[in-house]
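# Observations on the three-dimensional arrangement
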Amino acid sequence: MEAAMAGSSSMQWQAGEAWQAYLRQQRSRIGWAQYLRCRPMALFGKAGADDGNRVVMPASALDRINSALVEYPLMFRVQNAATLVEATNCGMLEFGAEEGFVYVPALTMARLGLEEDDLVLMTSTSLPKATSVKLRPHTMDFLAAKDLKQLLEFNVRQNTPCLTVGDTITVAEGDRRYLLDVVEAKPADAVSTLDTDCEVDFATPLDYVQRPAPVPVKVAAAPCQDCAHGSERRFVGVGMRIDGKPVETPPPAPAPAAGSSGKGRSAGEHVLRFFGRRGSVAVPPPGAKSAKKMNGEEDKEAKWFTGQKYTL
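One structure accompanies this document, and this report is about it. Just so we're clear, the structure is a prediction, and the values are computed from it rather than from any experiment.

Quick look at unusual backbone geometry now. Glycine aside, residues mostly have negative phi angles, and peptide bonds mostly take the trans form. Geometrically, the link from Tyr-72 to Pro-73 is a cis peptide bond, its omega value of 0° lying close to zero. Note that Pro-73 resides in the loop between helix H2 (59-66) and strand S3 (75-80). Across the junction of Lys-186 and Pro-187, the peptide omega takes the value 15°, indicating a cis bond. Counting through the fold element by element, Pro-187 comes out in the loop between strand S10 (176-186) and strand S11 (190-192). At Leu-84, a residue that is not glycine, the phi angle is positive and equals roughly 55°. Here Leu-84 is to be found in the loop between S3 and strand S4 (87-97). Located in the positive-phi region is Asp-147, a residue other than glycine, with phi close to 50°. Examined against the element boundaries, Asp-147 turns out to sit in the loop between strand S7 (132-137) and helix H4 (148-159).

Attention shifts here to the layout of surface pockets. Which parts of space are left empty comes out when a probe the size of a water molecule is rolled across the atoms. The computed volume of the largest pocket comes to approximately 490 Å³. Lining the largest pocket are 16 residues, and of these Leu-152, Glu-153, Val-156, Thr-196 and Cys-198 lie nearest its centre. Of all the secondary structure elements, the ones that give two or more residues to the lining of the largest pocket are S7, H4 and strand S12 (199-202). With six residues, the top contributor of residues to the lining of the largest pocket is H4. Of the residues that constitute the lining of the largest pocket, the class distribution is 10 nonpolar, two polar and four charged.

Our next topic: the sheet that holds S7. The strand order across the open sheet formed by four strands is S9-S10-S7-S12, and the pairing between neighbours is mixed. Every other strand in the sheet has two partners, leaving strand S9 (168-173) and S12 as the edge strands with one partner each. Direction aside, neighbouring strands of the sheet carry axes that sit 35° apart on average. Pairing of S7 with S12 involves four bridges; the strand directions are parallel. Bridge pairing in S12 places Lys-134 opposite Asp-201. Docked against the sheet, H4 engages S7, S9 and S12, running at close to 115° with respect to S9.

Examined against the element boundaries, Thr-170 turns out to sit in strand S9. In contact with Thr-170, not counting residues within four places along its chain, are Asp-51, Leu-107, Asn-155, Arg-177, Tyr-178 and Leu-179.

Turning our attention to the side chain of Gln-79. Here Gln-79 is to be found in strand S3. When sequence neighbours within four positions are dropped, the list of residues in contact with Gln-79 reads Leu-84, Glu-86, Ala-87, Leu-112, Leu-119, Val-120 and Leu-121.

This brings us to empty space enclosed by the protein. Applying the stated rule across the entire model yields one cavity of 30 Å³ or more. Its volume calculated, the largest cavity comes out at about 100 Å³. Lining the largest cavity are Asp-51, Gly-52, Asn-53, Thr-88, Leu-107, Thr-108, Arg-111, Thr-160, Asp-167, Thr-168, Ile-169 and Thr-170. Secondary structure elements with two or more residues in the lining of the largest cavity: helix H3 (106-112) and S9. Here the lining of the largest cavity is composed, by residue class, of two nonpolar, seven polar and three charged. Taken domain by domain, the makeup of the lining of the largest cavity includes at least three residues from each of domain 1 (21-124) and domain 2 (132-202).

Calculation criteria
Residues numbered from 1 in each chain as written. Predicted model: local features only at pLDDT ≥ 70, side-chain atom pairs only at ≥ 80, totals over all residues. Heavy atoms only, no water. Helix = DSSP H or I, 4+ residues; strand = E, 2+ residues; numbered from the N terminus. 1 Å grid on protein atoms, 1.4 Å probe; cavity = no way out; pocket = protein on both sides within 12 Å on 5 of 7 lines; lining within 4 Å. Points joined across faces, edges and corners; volume = space filled by probe spheres on them. Nonpolar A, V, L, I, M, F, W, Y, C, P; charged D, E, K, R; others polar. Pairing = 2+ DSSP bridges. Axes fitted to C-alpha atoms, helices over the stretch in contact; angles between N-to-C directions. Contact = heavy atoms within 4.5 Å. Domains from an automatic or database assignment.

In structure tokens, the structure reads:
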């Protein structure tokens, strides 16, 4: 409750300060200011007048402007006289309104929170020429329009003589209407667009939806046959020889006999086997003849080992 009362007191104080400034301005005759009742531009009945930010004022306002020190082209600062919280700027369309009234575009009334017959404070002003502005379209389809440069130049030249940060302007293409928010302006927050070269940049449209990033699909590698049996397969490459000859694959090791194990082997299991025979091989002493006849043929086995025998 106290906060509401404090806010109301602050608004009343601002309204009182604005009224005192208005009276001082009237006495000085420098510039022009006047309180008028606002009406929607649609009631004025002029086609396309509601697309821009130009206003229609009474003929008496023109007489007072001519008798004051006012810069041309005419620009006006518009404020809701009840709040004076926000302000915007507009140009002049014509002097054809009824006495005590001003016709204001619908977007300007919406920004200032105005309704029909609300009191507004109109003050003459001077704005620097725009050098750069940034606009945010409400819809993505505006960026797909044909020849954006020509479309903007035509609409701004005809209907939008000034831009203020926070305003929403209309760009018409035939029967189609596009809405754009004024995000940035240089060299000031309120600039004139008349007779100037201005760079225009576009922010991300309001209805833009960012596409979700693709989720990487994890493909599980098929396990090798050796791994499936619980053993790790360490070398899975292909053997090659330096001389280019094919590599002979050794036969697989024989499986141990059923019921046998590495433990408890007999001494005979560690004996080397030569051509299927077990045991030591008799080697004749040096100088002895190693060939003997067996059925008319030499004993071939006697020729296999002809070295000298040693005992450890």
